[in-house]
Amino acid sequence: MTMAEDGKWAELTPDEKRAERFKRWLAPTEINFISPEAEQSYKARQQRLADAYQMKEPDRVPLQLAYGVIPAYHAGSDLKTVMYDYDELGRAWKKFLNDFEMDTYSGPGAIMPGRIYDLLDYKLYTWPGHGLPDDATGHQFVEGEYMKADEYDALMKNPSDFWMRTYMPRIFGLFESFRHLQAFTNIIELPAGYFIPFSRPDVQATLQTLIEIGKEFPKWQAVVSECNREAREAGVPSLRDGGMAKAPFDTIGDTLRGTQGVIMDMYRQPEKLHEALEVIANLTIEAAIASANAGRAGTVFFPLHKGADGFMSARQFETFYWPSLRKVCLALIDEGIIPSLFAEGSYAGRLETVNEFPKRTVMWRFDQTDMAAAKKALGDKCCISGNVPTSLLTTGTASDVKEYCRKLIEDCAPGGGYVLSTGASVDKAPADNIRAMMEAAKEYGVYR
């Protein structure tokens, strides 16, 4: 039974709901631990994180290493190989689990299954062997106006239909034929005529390819699930248990209008943009809560793409970016879910604006924001983390990394509510530098 199906759930206060989520988090019943020691380690790590999230002092500062494809390169492989060879994907991520001591584990679920993306003919990304050289270490986003400036009304009138018949054909070559379908909301009675487009060879080819994708996906999913299961059974919890959502402005500015388009809309049609942000906010709330409830999760991760100091002014942030994101976060907080907000870039000019949630209800991970300033502005209300530079981990020495982490712990750990973490995901770094982060947490982050 999910939380939404539990009749008593609706009667709980937000604090009581959050407590129930933490209770499940700290005492899982579905994990078959490999040993009593593994179970003890799992519960200790979860308690450490739970204490930090709840603004308490745990036994020591927890470490969350936000890593991208570093397990592939640590195992002597590369991104292209693990995207297409699922056995190699599993081998690399299991090796990383076994070679490093971590408080959390990030499984390979963020690694795109290459064959599926090839079949989809996905237009929003390029990746090794598909628009990028075979030895590329990551994927790249392809900017574009995938929703036109005059299509806001169509989006808001029927978002699902707009997505299926207009947006998806633009970002997936596979769905080009869906332009010929009719809106399913037009079906009233005697529906046979509405299905005439399914007699088209191109539509049938799309459906056949979707069947191929449906057969391919379980192969990739089995490896991802196995890696996550083995980590939990060995005593290492997952980094993200409730999935991912986006700020409504980012949904429009990233994947619909594009950067140039959304900037123009802030000046040329701000009313339409505000209306659309409200629609997207409501859709985001529904999807994020459903995702968290399905797994009785305690957190939902938000990568904040376009809210940084260098992207928009403080007035634009407070007018266009923050209100809809705040609405989403408050809705999740009401359900006892902790929004985990990753502030990409610098949020030095945003710290006072974003400090308006109830205590212990959100956590912030910062990329390039000064952590002493973040501690001063937010540290008495919410958990903070981040700021260990990827560049330092990639090119620095182990002693450099350890010293940087020592300073972060000194600035941010007092009073609790702090997690040692990287500013951005790490794709390549010497093993000694990764170990130096854990050594710093153990050596300098002990509370008692």
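Everything discussed here concerns the structure shown above.
Residues numbered from 1 in each chain as written. Predicted model: local features only at pLDDT ≥ 70, side-chain atom pairs only at ≥ 80, totals over all residues. Heavy atoms only, no water.

> I tried to follow the sheet that holds strand E3 (residues 131-132) on my own but got confused; where do I start?
As a general point, the strands of a sheet are linked pairwise by backbone hydrogen bonds and lie either parallel or antiparallel. With mixed pairing, three strands are arranged side by side in an open sheet as E3-E2-E4. Strands with a single pairing partner mark the edges of an open sheet, and in this sheet they are E3 and strand E4 (140-141). In terms of strand pairing, strand E2 (residues 125-128) meets E4 through two bridges, oriented antiparallel. What sits directly across from Thr 126, in E4, is Gln 140. (Pairing = 2+ DSSP bridges. Helix = DSSP H or I, 4+ residues; strand = E, 2+ residues; numbered from the N terminus.)

> Can you help me understand the pattern of salt bridges in this one?
The final tally for this structure, using the stated rule, is 37 salt bridges. Asp 59 is paired through a salt bridge with Arg 48; the nearest N and O atoms lie 2.8 Å apart. On the criterion of sequence distance, the pair formed by Asp 59 in the loop between helix H2 (36-53) and strand E1 (63-64) and Arg 48 in helix H2 is long-range, its members being eleven residues apart. Using a relative accessible area of 30% as the deciding quantity, one classes Asp 59 as partly exposed. The salt bridge partner of Arg 179 is Glu 176, with a shortest N-O separation of 2.8 Å. A relative accessible area of 39% places Glu 176 in the partly exposed class. Ionic contacts of the salt-bridge type, sharing partners, join the residues Arg 48, Asp 59, Arg 60 and Asp 103 into one network. (Salt bridge = Lys/Arg side-chain N within 4 Å of Asp/Glu carboxyl O. Buried < 20%, exposed > 50% of the residue type's maximum accessible area, 1.4 Å probe, protein only.)

> When you look at the pairing of strand E5 (residues 299-304) in this model, what are you seeing that I'm missing?
Two faces, one strand: in a regular strand the side chains alternate between the faces of the sheet. The element E5 is largely enclosed, with a buried count of six among its six residues. Burial along E5 is two-sided: Thr 299, Phe 301 and Pro 303 and Val 300, Phe 302 and Leu 304, pointing in opposite directions, are all buried. Here E5 pairs with strand E6 (residues 338-343) via six bridges, running parallel. Paired with Thr 299 across the two strands is Ile 338, which belongs to E6.

> Can you walk me through the sheet that holds strand E7 (residues 363-366) in this structure?
The strand order across the open sheet built from six strands is E1-E9-E8-E7-E6-E5, with neighbouring strands paired in parallel fashion. Looking at strand neighbours, the two that pair on one side only are E1 and E5, the edges of this open sheet.

> Where do I start with the packing of helix H1 (residues 14-26) against H2 in this structure?
To characterise two packed helices, one gives the angle between the axes of the helices and the distance between these axes. Axis separation between H1 and H2 bottoms out at 9 Å; the angle between their running directions is 155°. As far as their axial angle goes, H2 and H1 are roughly antiparallel. Across from Phe 22, Trp 25 and Leu 26 in H1, the residues of H2 making contact are Tyr 42, Lys 43, Gln 46, Gln 47, Leu 49, Ala 50 and Tyr 53. Grouping the amino acids of the contact of H1 with H2 by side-chain chemistry returns seven nonpolar, two polar and one charged. (Axes fitted to C-alpha atoms, helices over the stretch in contact; angles between N-to-C directions. Parallel < 35°, antiparallel > 145°, perpendicular 65-115°, else oblique. Contact = heavy atoms within 4.5 Å. Nonpolar A, V, L, I, M, F, W, Y, C, P; charged D, E, K, R; others polar.)

> Explain the nonpolar core to me, please; I cannot follow it from the model alone.
Burial of nonpolar side chains together is a common tendency in soluble globular proteins. Trp 93, Trp 364, Phe 366, Tyr 418 and Leu 420 are the most contacted members of the largest nonpolar core, which has 119 residues in total. Here the element with the most residues in this core is helix H13 (residues 314-334); it accounts for ten residues. With residues up to four places along the chain from it excluded, the contact list for Leu 420 reads Val 61, Pro 62, Leu 63, Gln 64, Val 388, Cys 405, Leu 408, Ile 409, Met 437 and Ala 441. Leu 49, Tyr 53, Met 363 and Cys 383 belong to the second-largest nonpolar core, a separate cluster that totals eleven residues. (Core = buried A, V, L, I, M, F, W, Y, C linked by side-chain atoms within 4.5 Å.)

> Even after reading the chapter, I still don't get the packing of aromatic side chains, so can you show me in this structure?
Note on aromatic pairs: each is described by the distance of the centres and the angle between the planes. Applying the stated criterion to the full structure yields 25 aromatic pairs. When the centroid spacing of 6.3 Å and the interplanar angle of 20° are considered together, the rings of Phe 301 and Phe 342 count as stacked. Here Phe 342 lies in strand E6 and Phe 301 lies in strand E5, a separation of 41 residues in the sequence. Grouping residues by exposure puts Phe 301 and Phe 342 together as buried. Among the aromatic residues, those joined into a ring-pair cluster are Tyr 117, Tyr 122, Tyr 125, Trp 127, Phe 141, Phe 172, Phe 175 and Phe 178. For the cation-ring pair, Arg 365 lies above Phe 342, with the distance from its terminal atom to the ring centre recorded as 3.8 Å. Note that Lys 428 overlies the ring of Tyr 73, its terminal NZ or CZ placed 4.7 Å from the centroid. (Phe/Tyr/Trp six-rings, centres within 6.5 Å; stacked < 30°, edge-to-face > 60°. Lys NZ or Arg CZ within 6 Å of the ring centre and 35° of its normal.)

> Where do I start with helix H9 (residues 201-234) in this structure?
Taking 1.5 Å as the rise per residue, H9 with 34 residues should run 50 Å; its terminal C-alpha atoms sit 50 Å apart, in good agreement. Along H9, the residues classified as buried are Val 203, Thr 206, Thr 209, Ile 213, Glu 216, Trp 220, Val 223, Val 224, Cys 227, Asn 228, Ala 231 and Glu 233. Along its buried surface, H9 packs onto H2, helix H5 (86-99) and helix H6 (114-120). Of the residues one or two after H9, Gly 235 is the one with positive phi, at around 105°. (Expected span 1.5 Å × (residues − 1).)

> Would you take a moment to explain the pairing of E7 for this structure?
The two faces of E7 match: Met 363 and Arg 365 on one face and Trp 364 and Phe 366 on the other face are all buried. By the bridge criterion, four bridges tie E6 to E7 in an arrangement that is parallel. Across the sheet, Phe 342 pairs through a bridge with Arg 365, a residue of E7. Sheet topology places E7 next to strand E8 (residues 383-386); four bridges connect them, and they run parallel. Its bridge partner being in E8, Met 363 is matched across the sheet by Cys 383.

> In this structure, what is going on with the side chain of Glu 151? I would like to understand it.
Inspection of the secondary structure puts Glu 151 in the loop between E4 and helix H7 (152-157). Given a relative accessible area of 14%, Glu 151 falls into the buried group.

Any link to function would need more than the numbers given here.
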